[in-house]
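# Report on the structure
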Amino acid sequence: MTSSSAAASPTARLWVFNAGGEEALRLPAQQHYSPSREVRRLRYEATHLLRLLAAPGDYLYLPALEDSAARLLDHEGAELPSPPEVGTVLEVKPWVLEPHILKELAAAPCLAPYRLLLPELDAPYLHLAHRRGCAGLVERCCRELGYPEALRAHWVEAGADRAETERRLLELWQGLGAEQAAGARLVLKRPYSSSGRGVQFVSAQPEARELSSAVGSCQRLGSVSLEPYWQVEANWALEYERLETGAVHFVGYSHFVTSERGAYAGNVLWTQQQLGERLRALVPEHELTALIALHEAYLGEQLAGSSYVGYIGIDLFVYRRDEVLALHPAVEINLRCTMGVLAHRAQLRDWPEGSTELFTLDYGHGVRR
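Predicted, not measured: the structure shown is a model, and the values here were computed from it. (Residues numbered from 1 in each chain as written. Predicted model: local features only at pLDDT ≥ 70, side-chain atom pairs only at ≥ 80, totals over all residues. Heavy atoms only, no water.)

## Here we look at empty space enclosed by the protein
Here is the rule we go by: A cavity here means a set of 1 Å grid points, computed over protein atoms only, where a 1.4 Å probe fits but cannot escape. A pocket is an open set with protein on both sides within 12 Å along at least 5 of 7 lines, and lining residues have an atom within 4 Å of a point. Grid points are joined across faces, edges and corners, and a volume is the space filled by probe spheres set on the points. Only DSSP runs of H or I reaching four residues or more are called helices, and only runs of E reaching two or more are called strands; each is numbered from the N terminus.
Summed over all chains, the structure comprises four cavities of 30 Å³ or more. By volume, the largest cavity amounts to about 140 Å³. If you go around the largest cavity, you meet 16 residues; those closest to its centre are Glu-22, Ala-129, Ser-193, Ile-333 and Asn-334. Secondary-structure elements contributing two or more residues to the lining of the largest cavity are α3 (123-129), α4 (131-145) and β15 (324-334). Surrounding the second largest cavity, 13 residues form its lining, Cys-134, Ala-153, Lys-189, Glu-227 and Val-331 being those nearest its centre. Mapped onto the lining of the second largest cavity, the elements with two or more residues apiece are α4, β10 (223-228) and β15.

## Quick look at α4
Heads up, the condition is: To estimate the expected span of a helix, count its residues, drop one, and scale the result by 1.5 Å. Here's how the labels work: a residue is buried when its accessible area is under 20% of the maximum for its type, exposed when over 50%, partly exposed in between, all with a 1.4 Å probe on protein chains only.
In a regular helix each residue adds 1.5 Å, so 15 residues correspond to 21 Å; α4 covers 21 Å between its end C-alpha atoms and thus fits that length. Every buried residue belonging to α4 is among Arg-131, Gly-133, Cys-134, Ala-135, Leu-137, Val-138, Arg-140, Cys-141 and Cys-142, and all of these are buried. Positive backbone phi, at 80°, marks Gly-146, one or two positions downstream of α4.

## Section: the environment of Leu-294
Convention followed: Whether two residues are in contact is decided by their heavy atoms, any of which lying within 4.5 Å being enough.
Along the chain, Leu-294 falls in helix α8 (residues 285-302). Note on Leu-294: relative accessible area 5%, which makes it buried. Considering only alpha carbons, one finds Leu-294 and Leu-145, 149 residues apart in sequence, at a separation of 8.8 Å. Leaving out residues up to four positions away in the same chain, Leu-294 has contacts with Leu-137, Arg-140, Cys-141, Glu-144 and Leu-145.

## Considerations on the layout of surface pockets
By rolling a water-sized probe across the atoms, one finds the places where empty space is left. There is about 700 Å³ of room inside the second largest pocket. Along the wall of the second largest pocket there are 28 residues; nearest its centre are Glu-91, Val-92, Lys-93, Val-309 and Gly-310. At the level of elements, β2 (11-16), β5 (89-94) and β14 (310-321) are the ones that each hand at least two residues to the lining of the second largest pocket. Here the element with the most residues in the lining of the second largest pocket is β5; it accounts for four residues.

## So, the pattern of salt bridges
As a reminder, the rule being used: Criterion for a salt bridge: a side-chain nitrogen of Lys or Arg within 4 Å of a carboxyl oxygen of Asp or Glu.
In total, this model carries 19 salt bridges according to the counting rule given. Across the salt bridge formed by Glu-66 and Arg-41, the nearest N and O atoms sit 3.2 Å from each other. A residue pair is termed long-range when its members are at least 10 positions apart, and Glu-66 in the loop between β3 (59-62) and β4 (71-74) and Arg-41 in helix α1 (residues 37-45) qualify at 25 residues. Judged by its relative accessible area of 26%, Arg-41 is partly exposed. Linking Arg-167 and Glu-171 is a salt bridge whose minimum nitrogen-to-oxygen distance equals 3.3 Å. One end of the pair is Arg-167 and the other is Glu-171, both in helix α5 (residues 162-178) and four residues apart, which spans about a single turn. Linked by salt bridges that have partners in common, Arg-37, Arg-41, Glu-45 and Glu-66 make up one network.

Following this line, the structure appears as structure tokens:
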């Protein structure tokens, strides 16, 4: 049974780790969505990470996997000694807000005795979750803060048929490629993805297989973007939170590492003071202050009228441009809690100041040192 308002008592929060859910946003709610086997395994084994967000009295949703049925765990990830009282209101807190996980929860037998308070998926949220939302932020950074125009993403909309899509994509691709140095690459991005998924490094002048794959993605997804590849020196993120009042405020820094393919590989477990000092050593403080203010304003404007309440992460990176270090002001907007937020909570709880450890995903073990 579901409810749009908490009319019953008691009330508890239900934390749901549906990592990778951004890709499901491209599909209509009525269309079937099945995450890959790898993503299902991640959701199952990494659910215990949500202990870093949960408080006593909260619950974790452990999804079904192979022969096991979905079930509830307590806030520490342990089996429940007894189920919640029938009629308990569970305020659903998904990792990624998308319609398919909400349908799954509404139909889950283990949740049938309870009233689910489901978050609303509204137009402002969907607009900002698309990579065009981040592209708009980059354009504003270029216009108002003087970031280089070369950082802008270039979009290709699918044509009426495959041939028209290929013509449009090839025209943009060859034009961007001609502006790059010999041996340079471009970055092709799908509209709904995150954490390195949906990002492909391609040749500046397209090879036949690259073009064919890109055309297929554009036809299937409706659009793709192309932008120059930059030599990344360090990956960072700025973490924000949107409150019930609609205000968006900065909550912290995140410094993370990625694999060669750009996938998330771990967060550095430094204190917020250490993280801030390290980033300000790379980026002038006045530039960082202005960027945070612009991020807060942009997110607040884009989510005006939305019911979304929670964390928002904006990925950045420091890159080398003309032999000097520069900051890319917005690579990706994550409309959710992020590993950076979890790393910060883990650092506060378990790691001393000055730690040089990494917060990583290690299947079967959660956080590792």
